[in-house]
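# Residue-level structure breakdown
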Amino acid sequence: MSQTQLPQQAETVIIGAGAVGCSVAYHLSELGAEDVVVVDQGPLPVTGGSSTHAPGIMFQTSPSKIMTKTAYYTSRLLKDAGVYDEVGGIEVARSEDRMDFLQRRVEHATSYGLPDPQLLTPEEVTEHLPLVNAEEILGGYYSPTDGRVDGVAALQWYIEQSDAAFYGHTEVTDLDVAGGSVQAVETDRGRIDCDRCVIATNNWGYQTGKMAGLDLPIAPVEHQYAVTEPLEELAGASANARVDTDGMEIPGDSRIAENMGKAPHRPVGRDQDHSLYFRTHGDRIGLGSYNHETLSVDPDAMGKNREDRQASVRDFTAEHWERPTHPDRDKSAKQAFEELLPTVEGREFAATENGIFVFTPDGMPVLGETAQVDGLWTGLAIWWTHSGGYGKILAEWMETGVPKLPSGPVDTGGIHVNRFEPHAGTKEYFVDRGATQYRQVYSIVEPRWQPDDHRGLRRSPFYSQQEDLGAEFVQSGGWESAQWYDSNEDLVERYAEEIPEQDGWQAINRSPIEGAEHLHTREHVSLFDMTSFSSISVEGAEAGEFLQRMCSNDVDIDVGQVRYSLLLNEGGTILADVTVVRLGAEEYMVTTGGGNSPGIHGTWLKEHAPETVSVTIDEGGQSTIGLWGPKSRLLLQRVTDADVSNAGFPYFRAKRMYVGDVPVVALRVSYVGELGWELWAPTEYGAKLWETLWEAGQDLDVRPMGGGALESMRLEKGYRLWGTDIDTDANPFAAGLPFAVDMDTEFVGREALVEAREAGIDDRIVPLTLDDSTDIMLSGRPVLKDGEAIGYVQAGDYGYSIGESIAYTYLPAEHAEHGTAVQIRCEGETYDATVREEPLFDPGREKIIR
């Protein structure tokens, strides 16, 4: 309910009463949270943010599982509330490339459980959308449960259903942070002391974050929307109108439940080839356009809502509507709309605006508790489409420690607020990358696509050597990492018979050199740049006891021992997979792979460490080389006085030693299933480390190896990659990692694992191999049994050593047995595949332990 007297204290304060803030408040109430206060600078429920000016269309299908799942949850929640009109959604294609894209839509929808996704002919499209010109399109994708939400009515419903106290016309002026924790929210109506605070200010997210000393990478961008005058073709479909706070009349936006009988049951539509979308507003049509150059807004200049104007709504810029300004589009929004919907040609607009939405550098939302300020949570860069789901996830995360939907735990690696590297907070960087995300909203983004701006931010000490060797660099977390090396092109001819040709969508941004590097490493020796991997130093009298509590495995190990383990949350799902190295009586090194963001997992350890234990996240402070292959021992022994024989340096052991003049911590571990070591050295020694190994190995045919080879080699061995095969939605038993769990020890998440084991593990991860094809399977594509989806591809690649295409998936237990026949649907083709036992390569570990 709405209140007038501002309280002086609350358990939780939510800043922002838009779609996300209201959703979080509602879901906290559902979980029994008490003493929750929501404040907003605007009136309630028409706050003046993007939630109230957004057109409300909801297309649920995405290549991202979590985006699809949150969208579907949101549509079900709001449909039951009576504020969502399930008219369906149709995306049309005006090109063959777009038709291929729509086939991918069907596959992703099938994988992630959306009901009845369909491809339509042009004639079938016009049966649903009679105003569309069938001659302009090649077909369409139809999702029956897509639709449109009445934003204002939905906000009012949330407010009425929530136990939280809501206060409009309340401007937040500062956040009081002391001792690393949030203390209070300062407003123009007084101070509210609180234990935790949620930033849900979206368009103002950057400004709100600055109040707490944070640089949240939230980039506002303008977006065009117009509503036509009444159309004869829609006559009789009148709907009530409401008046926005800026005085513009936006038709058809009163409570949907009251108008469903008056409006034609027509789906919302998208023409992504021209970055357009449309929907009916009673007897009018709303037209939305991303078909213009990016109109970025300085995040410091968002301004405030006034009684006569919303700061999130800017004046309509006709020049961006009437002429082509989008770098990838050759037609203006006006021309493209008039070709697709001829009835709009020559029509006047009853309302126009440039509304503001926000984008992050990677286009994904920002959720979770910040690393810098305890008790400060974020729910940002979220659209109406996903707001119900992300509100549920955030509320569960805050109350139970386990981010989840009713269907179960969710993967948070791609949405966590702490995933961003330090450079992402610079305004120039996140505004530019946000602009790129804006341009790509409706673009066809190729597999392994890479940005070309803001490159070279983070370079390993080996960068110049890698450049000289023709490295094809890809960027991840700002790091420049080699995917393959042109200097290895000669290897392609050597291994030509073992490298099948790839074509089509699967072959884009790939090279046969990746396969050649894979095969060479299996036979000789290679250097792999692991500098993007991170080490975390844990030291102190209680360091061992602390790590035992945090790690799922038994890490009560001797000095010089190495142990693979997991970090789990309270729900028993995987926060990270780590390697724990004991270097001294009170000294440990915890290493994480490139898929493990130290901003997420290092923070987890820091937050839980007692005062007697020091936790230091050392990202980039170590230069690390993976030295792998059957000749790796011969090479390493040449450059060190240390004993690296199997007896003198066993598998999963560590030593401090010298490589030439370089001091290293050497770990005898291998992520590729070959004899090898990880060599960790201070960054300033990195260039010399590479030179020493390179020069000593020339007669052994030492080669550089890139990330493409790493991926195919680790899949042959069944090694997991956090963020791909395992994440916070994965149970260690289902993930095939029981050896990383010691139930005889006490650790975070143990109770949940006991319950899970007693209840039975329904799904488990398995490798599949294609029966009669060498094509590479892509992630997110459905795995079928008797025509029904039973899973989807987590990761896929070609196994050059085993001569088969590999796909990893989670399957129900009854279908996860070795020899089970299944199918995979990818790029419109159906492939026969078989469930296999893992590991597919060297099951006896003879190549590693020798």
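Residues numbered from 1 in each chain as written. Predicted model: local features only at pLDDT ≥ 70, side-chain atom pairs only at ≥ 80, totals over all residues. Heavy atoms only, no water.

Note that the residue after Leu-44, namely Pro-45, is joined by a cis bond; omega there is 5°. Phi at Asp-116 is positive, roughly 55°, even though this residue is not glycine. Along the chain, Asp-116 falls in the loop between helix H4 (96-112) and strand S6 (118-120). The phi dihedral of Phe-652 is positive, around 60°, even though this residue is not glycine. With respect to the helices and strands, the residue Phe-652 is situated in the loop between helix H18 (632-638) and strand S35 (654-659). (Helix = DSSP H or I, 4+ residues; strand = E, 2+ residues; numbered from the N terminus.)

Let us now look at the sheet that holds strand S8 (residues 147-149). Spatially, S3-S8-S4 is the arrangement adopted by the 3 strands of the open sheet, whose pairing is antiparallel. The outermost strands of the open sheet, each flanked by one partner alone, are strand S3 (57-58) and strand S4 (84-85). The pairing of S4 with S8 spans 2 bridges and is classified as antiparallel. For Asp-85, the partnering residue across the bridge sits in S8 and is Arg-148. (Pairing = 2+ DSSP bridges.)

Bringing the pairing of strand S1 (residues 9-15) into the picture now. Counting buried positions along S1 yields 5 of 7 residues, so the element is predominantly enclosed. Taken together, the 6 bridges between S1 and strand S12 (residues 190-199) define a ladder with parallel strand orientation. Bridge pairing in S12 places Val-13 opposite Cys-197. Pairing of S1 with strand S2 (residues 36-39), which is carried by 4 bridges, proceeds in the parallel orientation. Counterpart to Val-13 in the pairing with S2 is Val-37. (Buried < 20%, exposed > 50% of the residue type's maximum accessible area, 1.4 Å probe, protein only.)

Attention now goes to the sheet that holds strand S38 (residues 703-704). With respect to topology, 6 strands assemble into an open sheet ordered S35-S36-S37-S34-S28-S38, the strand pairing being mixed. Sheet topology places S35 and S38 at the edges, where each strand pairs with a single neighbour. Two strands pair when backbone bridges link them, and strand S28 (residues 526-529) and S38 are joined in this way by 2 bridges, in the parallel orientation. Its bridge partner lying in S38, Leu-527 is registered against Pro-704. This element, helix H19 (residues 686-696), spans S28, strand S34 (622-628), S35, strand S36 (662-667), strand S37 (676-682) and S38 of the sheet and lies at about 20° to S34. (Contact = heavy atoms within 4.5 Å. Axes fitted to C-alpha atoms, helices over the stretch in contact; angles between N-to-C directions.)

This part takes up the pattern of salt bridges. Considering all chains together, one arrives at 45 salt bridges under this definition. Its salt-bridge partner being Arg-419, residue Asp-362 comes within 2.9 Å of it at the nearest N-O pair. Placement of Asp-362 in the loop between strand S21 (349-359) and strand S22 (366-369) and of Arg-419 in the loop between strand S25 (408-409) and helix H12 (427-439) is noted, with a sequence separation of 57 residues between them. Overall, the relative accessible area of 36% leaves Asp-362 in the partly exposed class. Judged by relative accessible area, Arg-419 falls into the buried class, the value being 11%. The partner of Asp-699 in a salt bridge is Arg-638, and the shortest N-O contact between them spans 2.6 Å. With Asp-699 in the loop between H19 and S38 and Arg-638 in helix H18, this pair connects stretches of sequence that are 61 residues apart. Classification of Asp-699 by relative accessible area gives exposed; the value is 58%. (Salt bridge = Lys/Arg side-chain N within 4 Å of Asp/Glu carboxyl O.)

By themselves, these observations are geometric and do not establish any function.
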